[in-house]
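Now for the letters of each chain:
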Amino acid sequence: MFTKLRTYLEMIRFAHTVFALPFAFMGVVLAAGGIPPGRTLWWVLVAMVGARSGAMGTNRIADRYLDGLNPRTRDRALPQGRIALGEAVSFVVVSFGLFLLAAWMLNPLCLALAPLAILIVCGYSYTKRFTAGSHLVLGFSLALAPIGAWVAVRGEIAAPALVLGLGVLFWVAGFDILYAFQDIDFDRRTGLFSIPAWLGTANGLIVAAIFHGLTVCCLAALIPLLGLGPVYGVGLACAALLLFYEHRLVHRHGLAKLDMAFFNVNGVLSIGMLLATLGDLLLMR
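Every value quoted in this text rests on a predicted model; they were computed, and no experiment measured them. (Residues numbered from 1 in each chain as written. Predicted model: local features only at pLDDT ≥ 70, side-chain atom pairs only at ≥ 80, totals over all residues. Heavy atoms only, no water.)

## So, the pattern of salt bridges
When the charged atoms of two side chains with opposite charge come close together, those side chains can pair. The tally for this structure, following the rule as stated, stands at four salt bridges. The closest approach of N and O atoms between Asp-183 and Arg-72, which form a salt bridge, is 2.6 Å. You can see Asp-183 sitting in the loop between helix 9 (159–179) and helix 10 (184–190) and its partner Arg-72 sitting in the loop between helix 4 (64–69) and helix 5 (77–80), a full 111 residues away along the chain. Of the residues examined, Asp-183 reaches a relative accessible area of 6% and is grouped as buried. For Arg-72, a relative accessible area of 28% translates into the label partly exposed. In this structure, the salt-bridge partner of Lys-128 is Asp-187, at a minimum N-O distance of 3.1 Å. (Salt bridge = Lys/Arg side-chain N within 4 Å of Asp/Glu carboxyl O. Helix = DSSP H or I, 4+ residues; strand = E, 2+ residues; numbered from the N terminus. Buried < 20%, exposed > 50% of the residue type's maximum accessible area, 1.4 Å probe, protein only.)

If you want it as structure tokens, here you go:
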């Protein structure tokens with residue numbers, strides 16, 4: 001049982017939840033002006049786990065044949081037969097069912113928007129087949145987390161939520177471009193689309209840097225929009241330095257430091273921004 005559970009967690013890259021979840025909770029605390037009721041936090045967490053698990057499961061199902069051809073991904077659970085296709089489909093259905101339940105428990109607008117969110121996060125899985133803009137679609141999919149979290153608290157969509165979501169969109173698109181450097185040759189051979197495969201490594205680095213610059217701009221725009229103070233400002237400055245460090249690692253060391261640049265740096269960044277935001281709201285108000 002534990003082996004199977006570990007296989008499912010590996011399939012959906014559960015550890016990568018650290019990217020989107022802190023920004024979802026950042027949307028929650030910004031919408032609430034502090035820590036909201038425990039019930040809201042719980043159902044936002046359930047919604048996040050359900051939506052992300054369903055999206056990752058869909059992605060693995062859609063890419064199972066491609067994953068089997070790619071040396072980097074051929075040992076994943078579906079190509080190896082460690083999880084059957086029917087099991088994966090059932091996992092996706094249960095995950096999205098959990099997401100819909102959480103949306104229903106939060107408020108009517110969350111429930112009304114939930115099917116659209118499912119369509120968007122599932123649609124991403126097929127975009128690499130026809131557009132190099134797939135990085136932006138992935139970013140948009142994860143941007144729904146803080147926007148949805150804001151809706152969970154306020155029951156409405158407002159400008160700060162959209163600005164935060166836009167920051168997440170560019171952040172994710174930027175580091176996804178860096179991650180795609182691993183598959184340049186495979187993507188070109190198989191006719192898949194990505195910015196590195198289309199523009200090359202040097203230009204891909206430039207586009208990723210522009211996206212991450214826009215991330216910092218969006219997060220900075222929240223300061224006047226929400227009256228955020230110095231604690232948030234320090235967190236944002238640290239996030240900007242982390243993004244610079246991420247690009248420095250990839251520029252100097254290439255794929256050798258990609259795991260550190262992709263997982264460690266971005267994980268610290270997302271958690272750090274949540275803590276800085278929460279600290280600002282609790283200490284400076």
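## As for the side chain of Asn-107
Positionally, Asn-107 belongs in the loop between helix 6 (85–106) and helix 7 (108–127). Engagement of the side chain of Asn-107 in a polar contact is seen with the backbone nitrogen of Leu-109, the distance being 3.2 Å. Within the local environment of Asn-107, its side chain forms a polar contact with the backbone oxygen of Ala-152, the two atoms lying 3.3 Å apart. If sequence neighbours within four positions are ignored, Asn-107 has contacts with Val-151, Ala-152 and Gly-155. (Polar contact = N/O pair within 3.5 Å; in protein donor to acceptor, adjacent residues only side chain to side chain. Contact = heavy atoms within 4.5 Å.)

## Quick look at the packing of helix 7 against helix 8 (residues 134–154)
Taken N-terminus to C-terminus, the directions of helix 7 and helix 8 make an angle of 165°; their axes are 9 Å apart at the nearest point. Judged on the interaxial angle alone, helix 8 and helix 7 are roughly antiparallel. Judged by the sense of rotation from one axis to the other, the crossing of helix 7 with helix 8 is left-handed. Listed contacts from helix 8 to Leu-109, Cys-110, Ala-117, Ile-120, Val-121, Tyr-124 and Thr-127 of helix 7 are Ser-134, Val-137, Leu-138, Phe-140, Ser-141, Leu-144, Gly-148, Val-151 and Ala-152. (Axes fitted to C-alpha atoms, helices over the stretch in contact; angles between N-to-C directions. Parallel < 35°, antiparallel > 145°, perpendicular 65-115°, else oblique. Left-handed = near helix turned anticlockwise from the far one by under 90°.)

## Some words on helix 12 (residues 201–226)
Taking 1.5 Å as the rise per residue, helix 12 with 26 residues should run 38 Å; its terminal C-alpha atoms sit 38 Å apart, in good agreement. For helix 12, every residue scored as buried is listed here: Gly-204, Leu-205, Val-207, Ala-208, Phe-211, His-212, Thr-215, Cys-218, Leu-219 and Leu-222. Where helix 12 terminates, the next one or two residues include Gly-227, which has phi positive at roughly 65°. (Expected span 1.5 Å × (residues − 1).)

## So, the packing of aromatic side chains
By the definition in use, this model includes four aromatic pairs. Centroid distance Phe-170 to Phe-211: 5.6 Å. Interplanar angle 40°. Geometry classified as tilted. Note that Phe-170 is positioned in helix 9 and Phe-211 in helix 12, a separation of 41 residues in sequence. By relative accessible area, which is 15% here, Phe-170 ends up buried. Considering the side-chain rings of Trp-171 and Phe-175, the 5.1 Å spacing of their centres and the 80° angle between planes classify their relative orientation as edge-to-face. (Phe/Tyr/Trp six-rings, centres within 6.5 Å; stacked < 30°, edge-to-face > 60°.)

## Let's talk about a nonpolar patch on the surface
A contiguous nonpolar surface patch, about 440 Å² in accessible area, is contributed by Leu-98, Leu-100, Leu-101, Trp-104 and Leu-111. Among the elements that make up the nonpolar patch, the one with the highest residue count is helix 6 (four residues). Position of Leu-101 among the secondary structure elements: in helix 6. (Patch = residues over 30% accessible without salt bridge, like charges linked within 9 Å, V, L, I, M, F, W, Y side chains within 5 Å. Areas by Shrake-Rupley, 256 points an atom, 1.4 Å probe, with all protein chains shown as cover.)

## Quick notes on the side chain of Asn-266
Position of Asn-266 relative to the elements: it lies in helix 14 (residues 258–283). The exposure class of Asn-266 is buried, given its relative accessible area of 0%. One polar contact links Asn-266 to Trp-171, side chain to side chain, over a distance of 2.8 Å.

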